[in-house]
Amino acid sequence: MLKSLTLFLSILTVQAFAQTGTIRGTVTTSDGKPAEFVNVVLAGTNKASIVNEAGNYTINKVPAGTYTLTASFTGLLTQKSTVTVTAGETSVVNFTLTEDNRQLQEVVVNSNSRQTNKETDYVARMPLKNLENPQVYNVVGKELMKEQLMTGVKEVFRAAPGVAPTEYVTGSFAVLFRGFTNFDYARNGMATSVYRSGTEIANLERVELIKGPSGTLFGSQISTFGGAINLVTKKPYAAFGGEIDYSMGSFDLSRATIDLNTPLNNEKTVLLRFNAVKHQQNSSNEYGKNKRYVISPSLSYQASDRLSFLFDFEYFNSDANRLAYTLLFGDQVPFKSAKDIPLGFKKSFFQNDLLSDAEATKYFGQAKYQISKNWTSTTGVSHVNEFLNHSYQPYVEWTNATTAETSIRHFGPRERTYANIQQNFNGSFNTGKIHHNILIGASYEFNDETLTYKALELDEIDITQPFEKSGLSRVTGLLADNSIASSTDAYGGNSFGAYASDVINWTGRLSTMLSLRFDRFKQTYEGGFVQPSLSPKLGIVYQLVKDKVSLFGNFMNGFQNQGPLEQPDGSLFKPKPVFANQMEGGVKAELPGGVLGGSISYYHIGIDNALRTDDALYSFQDGKQVSKGVEVELTANPLTGLSIVAGYGYNENKYTKADAYEGKLATQAPKHIVNYWLNYRLPFESIKGIGVGFGGNYIGDSYLNSSNTYTIPAYHIINAAVSYQKEKWKFGFKLNNISNVQYWDLVGNPQFTRNFAANFSFKF
């Protein structure tokens, strides 16, 4: 039976190969730089491609014959070329636009294409257009990052619909979407988890937020029931160029970056790109410093027409304060809201010299091989090592309205290794008039962590009386005290996953997605266990208007492996794996030229064996949880030079059945999240190059404790920017939190008051 099936598929594949050919090539500007986002269209067919950041395009499955190929972009001179396609062969057609890169960039900015483009091979792990994908995902690109003068990763996530970023006492950033918090992420589609060192945006091409339970394709290690995050790094391209950038501003902001790209040989088959950043800034409060530097080179090698390699490396080093965490225990909570804490918004119990040092090395390698005209093999390897020599994590527990107990948990040395090996096969074939896009893949993930730590009790402080802040000298003395016990621990595990996906195009407008993943997770240290999981994903898309408007629906499954949990009384709780099922439906739109784009969707995520924690930090698995809501994304270019990016997310994440807290909302999950940004490049010739921007964020009330008695207040912050751009250089100025709102993130960390940033960049 298996041999017959293999033979049948082989015959179909050979027939598909024999009937069609491939067109590929590069599109560059007159100064030799890649013409990203240019459209390449095959006249008389519905086949087209968009040029990627490296200047390349590919059009697959072209029936044999002679065609006219057109390279065009709104506002640029259109170029045409005649191409003859031979069955089973690849035809190469290159274009050189008469415009230079500066002119292209100007047209792209005016058209808003860079903000609406969602072309990606990562979200579905196959080449699949946004309108063909039954799953919602958002993209924040480097152009929007530059436009808003972003200097940190939290700013990036504030620009996405229904998303709220936060930072934890461990030093890790986290992102909330659809009512669930995600601490992990993928890097170029590979699981690349960092917990305690941090993430820098200088080397990012874009950030992709994949909404809904994504365990089927991404596994449980980097996705939550709210979705998954994929960071796409900058890649080398076949020309010399680069940019240097410097920002300065409030609270001692000083940030310098460099982006340098160059071919290493005359044939331009070996390409190098180098990114680096040095950043420092204090908090607007009296406690909080952040210094970091990152170097990130990447190298690509085109070994042959079929085989290519990509190598990517990042070294991250930081010295920063860990933000103090407010502990809440049941009925002992003396406040109703973060704004009720009497210490003062800008005050602290700790000194700024409690700096935690962290470093991380991240390696990424990829080999891509064109097996045949319709089948591609992609092999990826990712490795991360995090090391902390010292990490000072401060805690504050309020025992009454004027008294707080402070403590420090010192971790170090602490080392964590995370590795991932992934193999994907992508292909396509026809069964009659029905077209299949196939993904078959497998991954193996490994993690290991060792640590030493001490818990140091500090003071009981009555804030109505003068008090002394705890600093490094005192903590160092306590660490040297041998009477305070030091603890060691270790964690580790591995996960093997195998997955497959088939996108079936029944007609030119109707397609379905069928996906399945098997996962086997193993914890290898004390309390070790093995948990297998099976995760399906089903989707349907119908394009109401071909390549412009589509209706979609999906059923997606996500899962979270759960290890034994130690309760506050020392007992061991062993929960079962938690599964979530999502039903979602909506509409997507992408009108030509970026005039209008976006999506509207409704989702319902149900969990039958929900895991929860009460206010006393005991864990339970005793009920049901439902997260449901609506998400809206809008990108528009209604006038020449005017771009609009906006989003709204409504979410209700509630325990619908539980022995306690039934009907309560999940913690750190606001119901309303709004983001918006408008940018206008003035069209007047006399002041050409001037741009103005305006936008903000609104996040509604949320709760920090399970009994819903302690509130993180809602806030609305407003920002504005102005820029002046010439051929080689650009100056920008941005004022953040114009109304000087005092606000907190989802775990109660005070955020920046009114501040400014001034930026100068030079391209070469």
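Below, the structure is looked at part by part. Everything quoted here is computed from the prediction, not taken from an experiment.

1. Describing the overall build of the protein
- Assigned secondary structure in the protein consists of seven helices and 44 strands.
- Relative to the compact-globule value of 27 Å for 764 residues, the protein shows a C-alpha radius of gyration of 27 Å, a close match.
- Principal axes of the C-alpha set define a box for the protein whose edges measure 85 × 75 × 45 Å.
- Relative to its 764 residues, the protein shows a buried fraction of 56%.

2. Here we look at the side chain of Thr711
- Looking at the secondary structure, you find Thr711 in strand β41 (residues 711-712).
- Excluding its chain neighbours within four sequence positions, the residues that come into contact with Thr711 are Lys336, Ser337, Ala338, Asp701, Ser702 and Tyr703.

3. Overview of a negative patch on the surface
- On the surface, a cluster of negative charge is contributed by Glu405, Glu457, Glu460 and Asp462.
- Of all the elements, strand β27 (residues 434-462) adds the most residues to the negative patch, at three residues.
- Summarising the element assignment, Glu460 is placed in strand β27.

4. Remarks on the nonpolar core
- Counting residues in hydrophobic clusters, the biggest one holds 41 residues, and the most contacted among them are Val156, Phe157, Val163, Val175, Val207, Leu209 and Ile229.
- Elements supplying a minimum of two residues to this core: β9 (137-141), α4 (142-147), α5 (153-158), β11 (173-177), β15 (204-211), α6 (215-218), β17 (227-233) and β28 (487-505).
- With four residues, the single largest contributor to this core is β15.
- Within the second largest apolar cluster, 28 residues are counted, among which are Ala338, Phe349, Leu456 and Ile463.

5. Quick notes on the sheet that holds strand β12 (residues 180-182)
- Strand order in the open sheet formed by three strands is β10-β11-β12, with antiparallel pairing between adjacent strands. For this open sheet the edge positions go to β10 (163-167) and β12, each flanked by a neighbour on one side alone. Within this sheet the neighbouring strands show an average axis-to-axis angle of 30 degrees, counted without direction.
- Relative to β12, β11 is paired through three bridges, and the arrangement is antiparallel. Bridge assignment links Leu176 to a residue of β12, and that residue is Thr181.

6. A closer look at unusual backbone geometry
- The peptide bond linking Gly412 to Pro413 adopts the cis configuration, its omega dihedral lying at -5 degrees.
- Here Pro413 is to be found in strand β26 (residues 403-431).
- Of note in the backbone geometry, Tyr661 takes a positive phi value of approximately 65 degrees without being a glycine.
- By the secondary structure assignment, Tyr661 is in the loop between β37 (642-657) and β38 (672-681).
- A relative accessible area of 23% means that Tyr661 is categorised as partly exposed.
- We note that Asn708 has phi near 60 degrees; this positive angle belongs to a residue other than glycine.
- Positionally, Asn708 belongs in the loop between β40 (702-703) and β41.

7. Looking at the sheet that holds strand β6 (residues 79-85)
- The antiparallel open sheet is built from four strands, whose spatial order is β3-β2-β5-β6. Of all the strands in the sheet, just β3 (48-50) and β6 have a single pairing partner and so form its edges. Neighbouring strand axes in the sheet, compared pairwise and without regard to direction, differ in orientation by 20 degrees on average.

8. Notes on the pattern of salt bridges
- This model, assessed by the stated rule, comprises 25 salt bridges.
- Salt-bridge contacts for Glu633 lead to Lys118; the nearest nitrogen and oxygen are separated by 2.7 Å. Taken together, the residues span a long stretch of sequence, with Glu633 in strand β36 (residues 619-639) and Lys118 in the loop between α3 (113-116) and β9 at a distance of 515 residues. This pair shows no difference in class: Glu633 is buried, exactly as Lys118 is.
- A salt bridge links Glu200 to Arg255, with the nearest nitrogen and oxygen atoms 2.5 Å apart. Taken as a pair, Glu200 in the loop between β14 (190-191) and β15 and Arg255 in strand β19 (residues 253-263) lie far apart in primary sequence, 55 residues in all. Like Arg255, Glu200 is buried.
- Through salt bridges with shared partners, one network takes in Arg178, Lys211, Glu584 and Glu631.

9. Some points on the pairing of β28
- Here β27 runs beside β28; their pairing, made up of 19 bridges, is antiparallel. Considered in β28, the bridge of Gly441 is made with Tyr499.
- Between the end of β28 and the start of strand β29 (residues 510-523), which pair antiparallel, lie four residues.

The rules behind each value
Residues numbered from 1 in each chain as written. Predicted model: local features only at pLDDT ≥ 70, side-chain atom pairs only at ≥ 80, totals over all residues. Heavy atoms only, no water. Helix = DSSP H or I, 4+ residues; strand = E, 2+ residues; numbered from the N terminus. Rg over C-alpha atoms; globule rule 2.2 N^0.38 Å. Buried < 20%, exposed > 50% of the residue type's maximum accessible area, 1.4 Å probe, protein only. Contact = heavy atoms within 4.5 Å. Patch = residues over 30% accessible without salt bridge, like charges linked within 9 Å, V, L, I, M, F, W, Y side chains within 5 Å. Areas by Shrake-Rupley, 256 points an atom, 1.4 Å probe, with all protein chains shown as cover. Salt bridge = Lys/Arg side-chain N within 4 Å of Asp/Glu carboxyl O. Lys, Arg positive; Asp, Glu negative; His and termini not counted. Charge placed at Lys NZ, Arg CZ, Asp CG, Glu CD. Core = buried A, V, L, I, M, F, W, Y, C linked by side-chain atoms within 4.5 Å. Pairing = 2+ DSSP bridges. Axes fitted to C-alpha atoms, helices over the stretch in contact; angles between N-to-C directions.

Geometric descriptors of this kind do not, in isolation, establish any biological role.
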